[in-house]
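An overview of the molecular structure
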Amino acid sequence: MVELGRKTVFILPSKPTLGLLLLIGLLFLLAVNFQNALVYAVCFWLLALLLINVFYTWRNVAGLQVQAVGVEPCFVGDKAVVEIELSCAPRQRKFALQLSWPDEDSVQVNLSTHNTVRVKLSHSTARRGWFQPPRVRIASAYPTGLALAWAYVALPVQGLVYPQPLARSFPEHDLTAQTSQDGREIAGGSSDFGGVRVYQVGDAPKHLHWGKYAQTGKLYTKTFVDYASHALWLDWDSLPMPGVEVRLSHLCSQVLEFHQAQRHYGLKLPGVTIEPGQGEAHQARCLRALALFGVEDA
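Each value, and the rule that gives it
- Residues numbered from 1 in each chain as written.
- Predicted model: local features only at pLDDT ≥ 70, side-chain atom pairs only at ≥ 80, totals over all residues.
- Heavy atoms only, no water.
- Helix = DSSP H or I, 4+ residues; strand = E, 2+ residues; numbered from the N terminus.
- Buried < 20%, exposed > 50% of the residue type's maximum accessible area, 1.4 Å probe, protein only.
- Contact = heavy atoms within 4.5 Å.
- Areas by Shrake-Rupley, 256 points an atom, 1.4 Å probe, with all protein chains shown as cover.
- Pairing = 2+ DSSP bridges.
- Axes fitted to C-alpha atoms, helices over the stretch in contact; angles between N-to-C directions.
- Parallel < 35°, antiparallel > 145°, perpendicular 65-115°, else oblique.
- Nonpolar A, V, L, I, M, F, W, Y, C, P; charged D, E, K, R; others polar.
- UniProt positions renumbered as here; feature names shortened; annotations may be inferred.

Where an unreviewed UniProt entry is consulted, the protein appears under the name DUF58 domain-containing protein, with the organism given as Candidatus Thiothrix anitrata.

1. Overview of the overall build of the protein
A tally of helices and strands in the protein yields 5 helices and 18 strands. Expressed as a percentage of the 298 residues in the protein, the buried residues total 37%. Counted over contacts in the protein with a minimum sequence separation of 6, partners at least 24 positions apart contribute 64%. Accessible area of the protein: about 17,800 Å², with a carbon and sulfur share of 56%.

2. With respect to the sheet that holds strand β11 (residues 147–153)
Taken together, the 5 strands give an open sheet; going across it, the order is β2-β11-β10-β6-β7, and neighbouring strands pair in antiparallel fashion. Each having just a single partner strand, β2 (10–13) and β7 (106–111) make up the two edges of the open sheet. Across this sheet, the average inter-strand angle for adjacent strands is 25 degrees, counted without regard to direction. Across 4 bridges, β2 lies against β11 in antiparallel orientation.

3. What about the sheet that holds strand β17 (residues 265–269)?
In space, the 3 strands of this open sheet follow the order β16-β17-β18, with mixed pairing throughout. Edge positions in the sheet fall to β16 (232–235) and β18 (272–277), since each has one partner strand and no second. Averaged over all neighbouring strand pairs, the angle between strand axes comes to 15 degrees, with direction disregarded. Taken together, the 4 bridges between β17 and β18 define a ladder with antiparallel strand orientation. Paired with Y265 across the bridge in β18 is G277.

4. Re the packing of helix α4 (residues 244–260) against helix α5 (residues 280–291)
At a minimum axis separation of 10 Å, α4 and α5 run at an interaxial angle of 175 degrees. Classified by the interaxial angle, the pair formed by α4 and α5 is roughly antiparallel. Between α4, through L248, L251, C252, V255, L256 and H259, and α5, the contact on the second element is made entirely by E280, Q283, C286, L287 and L290. Partitioning the contact of α4 with α5 into residue classes produces 8 nonpolar, 2 polar and 1 charged.

5. Let's talk about the UniProt feature "transmembrane region" (unreviewed entry) in the protein
According to UniProt, the feature "transmembrane region" (unreviewed entry) maps to residues 12–32 and 38–58 in the numbering used here. Taken end to end, residues 12–32 is 86% helix and 10% strand, and its first and last C-alpha atoms sit 29 Å apart. Secondary structure across residues 38–58 divides into 100% helix and 0% strand, with the first and last C-alpha atoms of the span separated by 31 Å.

Okay, here's the thing in structure tokens:
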């Protein structure tokens with residue numbers, strides 16, 4: 001948590017203040033020239049109001065406590081949403097606080113009825129990996145706009161930026177094969193009995209079904225099958241397209257599709273293998289691996 005104090009809050013007069021100072025200067029010259037006590041009073045009254053306004057503007061920002069809560073994960077090109085908690089002393093009130101980044105979104109906050117407020121501020125992203133929010137600018141011109149007080153706060157928090165998923169992913173794995181309770185049947189296997197068929201030239205003699213031959217007088221061959229698991233693998237090495245980012249985008253699309261379809265899937269990247277699974281936690285683990293591929297070590 002960062003508290004804005006005397007050394008971190010800066011203040012400068014605004015453009016209307018320069019005009020007011022010019023007016024006070026002219027009034028002072030008139031008061032000196034004509035020795036008019038009323039003009040003297042108006043001159044010093046305006047100057048006192050200006051100084052009091054500067055103090056209240058500075059006080060509206062000073063004493064503010066800023067804490068970064070977290071950054072919501074997003075995809076490349078989307079806005080990363082940063083949650084920030086603002087608080088102040090119980091007897092203090094803060095008005096018209098403007099939180100912003102250059103050329104990005106901004107939000108205005110008041111701490112009048114509650115001493116703690118949480119706000120969300122978004123920032124654009126251009127690459128995957130870890131997103132470190134830049135320093136956020138907190139400014140206020142309250143109460144009259146004659147002065148502007150501001151401070152910069154570094155947010156010690158980071159969030160994940162996933163690869164940008166493609167609108168159209170590569171073709172799915174072949175799921176048209178016959179299924180059983182053990183998984184997908186793979187013809188031409190050798191482990192489990194799969195039935196009998198009419199003998200064909202070239203069939204191995206050890207696979208002949210002699211019991212069937214004794215019943216019908218015709219030759220039949222026993223067939224065997226192996227079973228493959230229903231789990232699907234998203235394999236980096238099986239992708240035909242070149243380019244790291246393109247492959248990651250394809251895999252990201254498949255992770256989202258398989259999660260939505262409630263499939264049982266795993267992920268294989270160079271140096272990283274995530275065993276098949278499903279659910280929100282499994283999807284987050286796969287997306288994290290895609291986001292940090294080639295980035296974490298660097």
